[in-house]
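Here is how the chains run, residue by residue.
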Amino acid sequence: MLTKQELEDKLLLVIDRLIHLGGADYDMDKKTDAESQRLGMVARDFGFEEWDWPQGIGLYGLYRAEQVFGDDRYQEFFREWFRRNFEQGLPSRNINTTAPFLTLSFLSQQWKNKAYREECMRQALWLMESLPKTRENGFQHVTSAIGDRKAVRLNDSELWIDTLVMAVLFLNRVGTTEKREDMMQEAIHQFLLHIKYLYDKKTGLFYHGWSFQREDNFGEIYWCRGNSWFTFGVLEYLEQCGKNLSMGVRAYLADTLKAQVKALVSLQDKSGLWHTVLKEPDSYLEVSGSAGIAAGIYKGVRMGLLPEEYKDAAHRAVEAICANISQDGTVENVSAGTAIGMDSSYYKSIHIRPMAYGQSLVILALSEALR
């Protein structure tokens, strides 16, 4: 295992690269052909200035890292980032553009900023009242349109595992801080519903998505980063809830996590990473999903929900992740934004590019390792 100083040095290097990624290029997105878009070549996702899910995950990683350092070193960066984005005007409301609100929900309390707190409440109410819903009142995974920040892609009647981290964590956070029982109960409902339709009881793994129109899990692919959203996300949720969650629901979520992580540990490559299609060794090894899984394992052990021996898998993952950090702090071998595919060849064809969420998920993994 790397020393504490080595881990901290790597963490600071990755953070510095994240906050200097620069901005988005919507003009480039308008010129991108459909096939390039399908394979994840969306310029908006590469920078750290836009208000969308890659940046939202990046902000949350930075917030968690600051907690590990125990100081306020990134507060000015946060203030400027949110000020600039609100002055510019936010993009369309959807699942993915909810992601930056998670960090804002913590900071607005910390700063005692009433205006930001009200913005968080407006977004939470939108999720409850205006977001398109699937059957059984699921959160339809509405996303940003490519090339038009004011438009959306509806993904009609679809549930995606990503939603739990992009939107449900935020909804529960607002429900908790604002004492909105309806929001907290809706967060429980969304976790249970997504498990109902995305969890595969035969393997313990999660599918990427479910379609109520098709009534299937698309290509039934066990996607690495998608699984990491649950591994990491459910632990963040359990930590948020604390004693507010009933013992029965807590046990159900924890048991689902244990079954998933048992399966994940058995599929870990000898390198320490996981393959982008988890059960297919000929698919490439992918760093962002591996980082999310490692962060979740560390956190699960720390919270007493996972066996202590699983830390070895997390240690090996972190060693491999650090080997994929370049000299300038860029996290390499990260898959670009990935829609739902009908076969494993689609996931294997997604471009590998440095991404804001790649930086962030590594920040989360290294932060948990330092704990």
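Residues numbered from 1 in each chain as written. Predicted model: local features only at pLDDT ≥ 70, side-chain atom pairs only at ≥ 80, totals over all residues. Heavy atoms only, no water.

A. Structural view of the overall build of the protein. Across its full length, the protein holds 15 helices and 6 strands. Against the globule reference of 21 Å for 371 residues, the protein gives a C-alpha radius of gyration of 19 Å, in line with a compact fold. Overall, the C-alpha framework of the protein stretches about 50 × 45 × 45 Å when taken along its three principal axes. Classification of the 371 residues of the protein by burial places 61% in the buried group. Within the protein, contacts between residues at least 6 apart in sequence are counted, and of these 70% link residues at least 24 apart. With an accessible surface of roughly 14,300 Å², the protein has 49% of that area assigned to carbon and sulfur atoms. Taken together, the 43 basic and 50 acidic charged side chains of the protein have centroids lying 4 Å from each other. (Helix = DSSP H or I, 4+ residues; strand = E, 2+ residues; numbered from the N terminus. Rg over C-alpha atoms; globule rule 2.2 N^0.38 Å. Buried < 20%, exposed > 50% of the residue type's maximum accessible area, 1.4 Å probe, protein only. Contact = heavy atoms within 4.5 Å. Areas by Shrake-Rupley, 256 points an atom, 1.4 Å probe, with all protein chains shown as cover. Lys, Arg positive; Asp, Glu negative; His and termini not counted. Charge placed at Lys NZ, Arg CZ, Asp CG, Glu CD.)

B. Examining the nonpolar core more closely. Counting residues in each nonpolar core, the largest one holds 126 residues, and the members touching the most others are Leu127, Phe230, Tyr237, Leu253, Ile297 and Val362. Here this core takes 10 residues from helix H15 (residues 356-370), the largest share from any one element. Aside from chain neighbours lying at most four places away, what touches Leu127 is Ile95, Thr98, Lys133, Phe139, Ala167, Phe170 and Leu171. (Core = buried A, V, L, I, M, F, W, Y, C linked by side-chain atoms within 4.5 Å.)

C. Representation of helix H7 (residues 114-129). Here H7 is 16 residues long and its end C-alpha atoms lie 22 Å apart, about the 22 Å a rise of 1.5 Å per residue gives. Looking only at H7, the buried set comprises Tyr116, Cys120, Met121, Gln123, Ala124, Trp126 and Leu127. Those residues of H7 hidden inside the fold are in contact with helix H5 (75-88), helix H6 (99-111), helix H8 (163-177) and helix H9 (181-198). A distance of 3.1 Å separates the backbone nitrogen of Ala115 from a side-chain oxygen at the start of H7, and that oxygen is part of Asn113. (Expected span 1.5 Å × (residues − 1). Polar contact = N/O pair within 3.5 Å; in protein donor to acceptor, adjacent residues only side chain to side chain.)

D. Structural detail: the packing of aromatic side chains. Inspection of the entire model under this criterion finds 26 aromatic pairs. Consider the rings of Phe191 and Tyr237, whose centres lie 4.4 Å apart with planes at 25°: the pair is stacked. Placement of the pair is Phe191 in helix H9 and Tyr237 in helix H10 (residues 224-241), with a sequence separation of 46 residues. Classification of Tyr237 by relative accessible area gives buried; the value is 0%. Stacked on the ring of Phe106, the Lys or Arg Arg64 has its end atom at 5.9 Å from the ring centre. (Phe/Tyr/Trp six-rings, centres within 6.5 Å; stacked < 30°, edge-to-face > 60°. Lys NZ or Arg CZ within 6 Å of the ring centre and 35° of its normal.)

E. Molecular detail of the pattern of salt bridges. Going through the model one piece at a time under the given rule, you end up with 26 salt bridges. Of the charged contacts, one joins Arg149 and Glu50 as a salt bridge, the two residues approaching to 2.8 Å between their closest N and O atoms. Of this pair, Arg149 sits in the loop between strand S1 (143-144) and strand S2 (152-153) while Glu50 sits in the loop between helix H3 (34-38) and helix H4 (53-69), and the two are 99 residues apart along the sequence. Close ionic contact of Arg64 with Glu239 constitutes a salt bridge, the shortest N to O distance being 3.4 Å. With Arg64 in helix H4 and Glu239 in helix H10, this residue pair connects regions lying 175 residues apart in the sequence. Owing to a relative accessible area of 32%, Glu239 belongs among the partly exposed residues under this scheme. Sharing partners across several salt bridges, the network here consists of Arg64, Glu236, Glu239, Lys299, Arg302, Glu368 and Arg371. (Salt bridge = Lys/Arg side-chain N within 4 Å of Asp/Glu carboxyl O.)

F. Region of the structure containing unusual backbone geometry. A positive phi angle, near 60°, is found at Asn137, a position not held by glycine. Tracing the chain through its elements places Asn137 in the loop between H7 and S1. The backbone of Asn155 sits at a positive phi, close to 45°, despite the residue not being glycine. When you line up the elements, Asn155 lands in the loop between S2 and strand S3 (158-160).

G. Seen up close, the state of the cysteines. Applying the stated criterion across every chain yields a total of 0 disulfides. A disulfide-free cysteine, Cys120 has its sulfur positioned 17 Å from the sulfur of Cys241, the nearest such atom. Judged by its relative accessible area of 3%, Cys120 is buried. The structure places no disulfide on Cys224, whose sulfur is separated from the nearest cysteine sulfur, that of Cys322, by 17 Å. (Disulfide = S-S within 2.5 Å.)

H. Just H8, in detail. Here H8 is 15 residues long and its end C-alpha atoms lie 21 Å apart, about the 21 Å a rise of 1.5 Å per residue gives. Among the 15 residues of H8, 13 are classified as buried, and the element is accordingly described as predominantly covered. Phi turns positive, to about 55°, at Lys179, one or two residues after H8.

I. The side chain of Asp269, seen in detail. Tracing the sequence through the fold places Asp269 in the loop between helix H11 (247-267) and strand S5 (274-275). In this structure, Asp269 is buried with no salt-bridge partner, the nearest side chain bearing the opposite charge being Lys270 at 6.8 Å. A polar contact of 3.3 Å, which involves the side chain of Asp269, links it to the side chain of His275.

J. View of the environment of Phe101. Turning to its location among the elements, Phe101 is positioned in helix H6. For Phe101, a relative accessible area of 2% corresponds to the buried category. Placed 65 residues apart in sequence, Phe101 and Met166 show a C-alpha to C-alpha distance of 9.2 Å. Ignoring anything within four residues of it in the chain, the contact list for Phe101 reads Trp51, Leu90, Glu119, Cys120, Gln123 and Phe170.

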